[in-house]
Amino acid sequence: MNVDLAGALELITRVVGVRGAMVVSADEGLVVAESSMDGIEGAAVAALTAGVVSRLTRATAAAGRSAPAFVHLQAEGGSLLAVPAAEDLLVVAVTDPDVNVGLVRLELRRMAEQLA
Amino acid sequence: MSIEDIRVLTAQLAADPSSLAFLPLAEALRRRGQLEAAEKIAIAGLTRYPDLADAHDLLARVLGDRGDLERAFDEWDIALRLDDRHAGAHKGIGFLYYVAGDLPRALKHLESALAIAPEAEGVAAAIDRVREGLAGMEGSSDVPAAAGEAPGTPAVAGSTAPSSGDGAGSLFSGLEGAEDGLLLIDGQGLRLGGGLNGPDGAPVGDAVAAHLAGAFRDATRAARLLSLGDWRSVGAETAEANFFLCAPTEDALLLLVRDSSVPIARLAKHAERASEAARRWLAGAA
């Protein structure tokens, strides 16, 4: 893998309303790389995201479906978005509530494809 | 459009998947009656351009041709939310209201379509037909059933799932997916109602409920620790299906599962109706 992680993450955080973006190890829930996690503890994002995605993956497997290709946790104050990438990684963004989710999803997928 | 034109557009799209060539290509396939192919191309385009009103309008027309009027309505509704001056979406929704017998709303949307695009094919004639229908109703007590209801999806014949009858699915009677695609789960991971089947048709509701037992706690903890406030929903897209999870009450989870062609945003709308049903059912069961 030869990807400029910082540069790729910056493309995500350039989207208006994105508070921060990071690459997370899905198994361990550890930070691999992060970009401007404004006021948010990166380690907490990594661990919590990995936990939520892991639980959903077990649920979708129990339903006979494949693992999630996109996860969106929506809360009153914003969203947590995650897209799995190769090598057991997750590309994650934390956003404000009024962000263009479709655009962030595209950027997350683009980076996940780069990591593949 | 000729077959050669379609070949050119197909090649163009293959060379550049981000191209807007999916719009004329899917429309050409729709006109040729190749509705399945048209739907696939429209959906693929929407994954790249989810905010493009024209793409939602295109998918709605394909769905309308396939007879899936409820989904067509939802796509036109999304198109109008993105662009409230989209003539095609006004025309499409006006047609659906006409089919549903809601002539006042049909007239409103068709007039909007005509005002925005006076050259729009067939709209003026449709308005005349609706006005004739309304004139026939004057002085009569035969007011269309939907006319006095709150705005929403027209009650198009065949668009609502049949009643699930007795059994766990009756909790969601009348809702799409009442017995396969809607699950109500308690805090201990037990299925309270609804049902879900795997791709082979075998029931998987109980297993999925068990795996989601801690999802409420996970989502609550994640949202609060990330200073996002209370969580509202969790959406998950897989290759085959989309999942949408929300909490109709403090101690119950609602899961909706639909084919991956149904966008998460549409699942959220379905979830509102299913949550209402769940709350009523839980209040009655208490």
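In what follows, the structure referred to is the one given above.
The numbering scheme is per chain: residues are counted from 1 as the chain's sequence reads. Here the convention is simple: chains get letters from A, ligands get numbers from 1, in the order in which they are written. Confidence filtering applies because this is a predicted model: local features only for residues at pLDDT of at least 70, side-chain atom pairs given and counted only at 80 or more, and all residues used for totals across whole chains, interfaces and linings. Heavy atoms throughout the structure, all of them, feed into the side-chain values; hydrogens and water do not.

Caption draft 1: Fine view of the pairing of strand β1 (residues 182-186) of chain B. All names here are of chain B. Here's how the labels work: a residue is buried when its accessible area is under 20% of the maximum for its type, exposed when over 50%, partly exposed in between, all with a 1.4 Å probe on protein chains only. Secondary structure elements follow DSSP: runs of H or I of four or more residues count as helices, runs of E of two or more count as strands, with numbering from the N terminus. The buried fraction of β1 is high, at 5 of 5 residues. Here β1 shows no split at all, with Leu 182, Leu 184 and Asp 186 on one side and Leu 183 and Ile 185 on the other all buried. Pairing geometry for β1 and strand β2 (residues 191-195), over 4 bridges, is antiparallel. Bridge pairing in β2 links Leu 183 to Gly 194. Strands are treated as partners if at least two bridges between them are detected by DSSP.

Caption draft 2: Spatial organisation of the interface of chain A and chain B. The partner chain B presents 39 residues to the 38 residues of chain A that form the contact. Buried area, as used here, totals the accessible surface that two parts lose on assembly, with accessibility defined by a 1.4 Å probe and the loss added over both. Taking both partners together, chain A and chain B bury about 3,100 Å²; carbon and sulfur atoms supply 60% of that area. Of all residues in chain A, Leu 48, Arg 55 and Arg 65 of chain A give up the largest surface area on contact with chain B, accounting jointly for 22% of the area buried on that side. By definition, a salt bridge exists where a carboxyl oxygen of Asp or Glu is found within 4 Å of a side-chain nitrogen of Lys or Arg. Taken together, chain A and chain B are joined by 3 salt bridges. Distance and chemistry together define a polar contact, namely a pair of N or O atoms within 3.5 Å, with one atom able to donate a hydrogen and the other to accept it when in protein, and with adjacent residues in sequence counting only for side-chain atoms on both sides. At the boundary of chain A and chain B, one finds 15 residue pairs in polar contact (both at pLDDT 80 or more). Of all elements in the fold, only α2 (42-62), β3 (70-75), β4 (78-85), β5 (89-95) and α3 (101-115) of chain A reach the threshold of two or more residues within the side of chain A that touches chain B. Of the residues forming the side of chain A that touches chain B, the biggest block, 11 residues, is contributed by α2 of chain A. Grouping the amino acids of the side of chain A that touches chain B by side-chain chemistry returns 19 nonpolar, 12 polar and 7 charged. Contact between two residues is taken to exist if any of their heavy atoms lie within 4.5 Å; hydrogens are not considered. Each residue is assigned to one of three groups, with Ala, Val, Leu, Ile, Met, Phe, Trp, Tyr, Cys and Pro labelled nonpolar, Asp, Glu, Lys and Arg labelled charged, and all others, Gly among them, labelled polar.

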